[in-house]
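# Per-entry structural report
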Amino acid sequence: MRELQGRLVEHGVSFGHWTFLRILWERDGLTQRELSDEAGVAEPSTNAAIKAMEQAGYVTRRRLPDNRKNLYVRLTPKGRALQRKLVPLARAVNRDAVRGLAARDVETARRVLLAVKENLRKIDR
């Protein structure tokens, strides 16, 4: 099986958009800044990605009448529907990636990578 990036492109989704979609599937309605922080991506890059995702019909961006400062990002039905298509692809790629490895080793690698990610997040703050 090809890597995830190649599989996503077949569905018109870039790997960068995948990151934002995964976050929004779990926590729809974040501000653009919160989304940027959660993804660990600079705000200008987030803005460009969200603008492209809006043009593709995956998200909308709105300001609330009582808070003109924050820009809220919400999934459209089209963006939400991608979850049913793309998550199984990611799971299949992950299964292929660890095939033949001991479950204990996979869990250790996962734990270490999550700790490294958290350490890097703390440095950036």
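The structure we're discussing is the one just above.
Reading guide: rules and limits
Residues numbered from 1 in each chain as written. Predicted model: local features only at pLDDT ≥ 70, side-chain atom pairs only at ≥ 80, totals over all residues. Heavy atoms only, no water. Axes fitted to C-alpha atoms, helices over the stretch in contact; angles between N-to-C directions. Helix = DSSP H or I, 4+ residues; strand = E, 2+ residues; numbered from the N terminus. Parallel < 35°, antiparallel > 145°, perpendicular 65-115°, else oblique. Contact = heavy atoms within 4.5 Å. Nonpolar A, V, L, I, M, F, W, Y, C, P; charged D, E, K, R; others polar. Expected span 1.5 Å × (residues − 1). Bend = angle between axes of the 7 residues up to and from the residue. Buried < 20%, exposed > 50% of the residue type's maximum accessible area, 1.4 Å probe, protein only. Pairing = 2+ DSSP bridges.

### A short note on the packing of helix α2 (residues 15-26) against helix α4 (residues 43-55)
Remark: α2 packs on α4, axes separated minimally by 10 Å, with the N-to-C direction vectors making an angle of 85°. By the angle between their directions, the pair α2 and α4 is classed as roughly perpendicular. Of α4, the residues touching α2 (which contributes H17, F20 and L21) are T46, A49, I50, A52 and M53. Grouping the amino acids of the contact of α2 with α4 by side-chain chemistry returns six nonpolar, two polar and no charged.

### Examining helix α5 (residues 77-98)
Relative to the 32 Å expected for 22 residues at 1.5 Å per residue, α5 spans 33 Å between its end C-alpha atoms, a close match to the ideal helical length. Largest kink in α5: about 35°, centred on K85, with the proline P88 one to four residues after it. Every buried residue of α5 is accounted for by G79, L82, L86, V87, L89, A90, A92 and V93. As for α5, its buried residues are in contact with α1 (4-9), α2 and β2 (67-75). G100 occupies a position one or two residues after α5 and carries a positive phi of about 90°.

### Observations regarding the pairing of strand β1 (residues 59-64)
The sheet contact formed by β1 and β2 spans five bridges and is antiparallel. Each bridged residue has a counterpart across the sheet, and for R61 the counterpart in β2 is V73. Connecting the antiparallel pair β1 and β2 is a turn made up of two residues.

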